[in-house]
Amino acid sequence: MTTLTIVPTRTMLYFKKYAFENRKAYLFLCLAVAAFLVLWLGVQLNFTNPYLFSERVQAMYYFITLFLAGCLSSGMLFSELGSKPRAIHYLLIPASTLEKFLCGLFFGVFIFFIACSGIFYIIDYIAVQLANYKYGTNWEVINLLTLEKYPNAFMEGPLTDIFYFFFPIQALFILCSVFFKKHALFKAIVGMGLLWVAFVALFLILHRLLPIGKFNDTIRYYEIVEADGDNKLIVLPALLTTTVIIFSKFLLTPLLWTVSYLKLKEKEL
Amino acid sequence: MISISNVHFSYGRKCVFSGITTTLSAGHIYGVLGKNGTGKSTLLYNLAGLLYPDQGDIIIGGYKPSERKPEFLQDIFMIPEEFYLPNISIKALIKYYSPFYPRFDHHAFEEYISSFDIPIGNLLPGMSYGQKKKVYISFGLATNTTVLLMDEPTNGLDIISKAQLRRVVAGAATPEKTILISSHQVKDLENLIDEVLILDDTNIILNESIDRISQKLTFKITFDEQDLDHALYTEPVLKGNTVVLKNTNQEESKVDLELLYKATMTDPAKMKQVLSLTF
């Protein structure tokens, strides 16, 4: 017996049902993001430092808002699975798991991203106008479609590289919301903390094992710093570095989504 | 048809089913009886694909419930004991949910809902638990799925509503449908079910039709010492003793589900033996 995983008419039915039922939840999420930004940027406007609204700092505000709101909302994307009556309701709706999961991703990742960016742009626009008026500055409102032209306050490389961190972290929160029955959001935060500790520990171990030096050009070269200044470059295998870079930039998020989907598929009460 | 074959299931170390095997046919209303914690709900969850057997197979209409294929889900409906309904109006519920069930009968839904005295224009958030349950039951019956699972459907319903429920469910039964109703309120299922399934200690200890039970057993109130001596089960009441006897004289008596249940729980092997005898 063959079964189609995605039937367009059924998928549309499910998307419409989801949008109708969750419209208030998403509206409140947008209002919460807006309220957070109004509060935060409002407080910043009360300081005397005119640089608090420079393009560089605006980009920081944007990414911090995106990380906070994106991770918190994703950690609750499949929270209905934590309540037995709601889980029964969700799991027994006659749509495929893939349709249900794609619907969650569409609204929780794609629509959320657009809405959050739009809200940020509007509030940032107003805040920057007020800041320019107050401080007599000429800061530009950052254009979210051309983020790469602004300086990166977080790390080396273009500002858009931060998305390579945002989407995998968001996907990890989605995985936690499917994986854990109760308190998925808090467990996700704890999990992220543990991952960070593991990452730092790995970094420290590597730092002790490797000769004193640093990675250059992401991880393509390792430069050993010699006391006499005669530094040496160790070129890592191109295949290894390319694989690591492609995996972390482009494959990690889809991989985490796939794991979340498979976990949802085998989800029991 | 529902085929359950050598199903084992446990919650951690607690074994719930140890190799249950049975077949449930279409055109019947099964009453699933058992003490609290014997696995009535667990059986229904396994049938709906909400829990997976540790071992063994369940096949419903050619589908494995655990795969939760949309084609399977649109042909099974479960009314759980604790249910969730979104905070929308009844009309919106019908608009957004009924298209998922190809055989959904709008006219029947209106009939069921009016027989429960609920105005169709009502909003679900303002309703009581009992009213919401009636909406859920009406929706479930109107889906016309071939398998309908009802877990303690009478919980939260008043006496009048329980009678309404029995009437509505009996009216919705068709030769294509298999209806399973679990309950620990045995009396609630009287005059409704035509097959009895009793669970106890990780097994199905009885799976018989009401017809066969009434052919094989007699339920009556008696003072007769001889009846009391031959009784399979006896219980003192104000007017004498209620007894369960072998129906050797082809007497007609109404099956008392509560007595049958108690008699079976007291001595399942004897009850099975009596029901398999030819008088």
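Quick caveat: nothing in here was measured; it's all calculated off a predicted structure.

Quick notes on the rules
- Residues numbered from 1 in each chain as written.
- Chains lettered and ligands numbered in written order.
- Predicted model: local features only at pLDDT ≥ 70, side-chain atom pairs only at ≥ 80, totals over all residues.
- Helix = DSSP H or I, 4+ residues; strand = E, 2+ residues; numbered from the N terminus.
- Buried ≥ 20, exposed ≤ 12 C-beta atoms within 10 Å, placed from the backbone.
- Contact = placed C-beta atoms within 7 Å.
- Domains from an automatic or database assignment.
- Nonpolar A, V, L, I, M, F, W, Y, C, P; charged D, E, K, R; others polar.
- Pairing = 2+ DSSP bridges.
- Axes fitted to C-alpha atoms, helices over the stretch in contact; angles between N-to-C directions.
- Parallel < 35°, antiparallel > 145°, perpendicular 65-115°, else oblique.
- Left-handed = near helix turned anticlockwise from the far one by under 90°.

This next bit is on the overall build of chain A. Scanning chain A from terminus to terminus reveals seven helices and three strands. The N-to-C order of helical and strand elements in chain A reads α-α-α-α-α-α-β-β-β-α. Overall, chain A is about 70 × 55 × 30 Å in size when its C-alpha atoms are taken along their principal axes. Of all 269 residues assigned to chain A, the portion counted as buried reaches 26%. Within chain A, residue pairs in contact and separated by at least 24 positions form 70% of the contacts whose partners lie at least 6 positions apart.

One widely used convention gives an interface's size as the accessible area the parts lose upon coming together. Residue and element names in this part refer to chain B. What the domain assignment lists for chain B is domain 1 (2-201) and domain 2 (210-276). In this complex, domain 1 contributes 11 residues to the contact, which on the side of domain 2 involves nine residues. Considering each element in turn, the side of domain 1 that touches domain 2 owes the most residues, four residues, to strand E8 (residues 195-200). Here the residues of the side of domain 1 that touches domain 2 sort into six nonpolar, no polar and five charged.

So, on to unusual backbone geometry. As a rule of thumb, non-glycine residues mostly have phi less than zero, and peptide bonds are mostly trans rather than cis. Residues and elements named next belong to chain B. Located in the positive-phi region is Arg 68, a residue other than glycine, with phi close to 45°. With respect to the helices, strands and loops of the structure, Arg 68 is situated in the loop between strand E4 (55-60) and helix H2 (70-73). A tally of 24 C-beta atoms within 10 Å means that Arg 68 is categorised as buried. At Asn 191, a position not held by glycine, the phi torsion is positive, near 65°. For Asn 191, a count of 13 C-beta atoms within 10 Å gives the class partly exposed.

Residues and elements named next belong to chain A. Both strand E1 (residues 213-216) and strand E2 (residues 221-224) contribute to a ladder of four bridges, which runs antiparallel. Residue pairing for E2: Phe 215 is matched across the bridge by Tyr 222. Once E1 ends, the chain turns through four residues before running back antiparallel as E2, passing Asp 217 with a positive phi of about 50°.

The next point concerns the packing of helix H1 (residues 8-45) of chain A against helix H4 (residues 97-135) of chain A. All names here are of chain A. It is at 8 Å that the axes of H1 and H4 come closest, and there the two elements cross at 25°. As judged from the angle between their axes, H1 and H4 are roughly parallel. The two elements H1 and H4 meet at a crossing, and its hand is right-handed. Tallied by class, residues from the contact of H1 with H4 come to 21 nonpolar, two polar and four charged.

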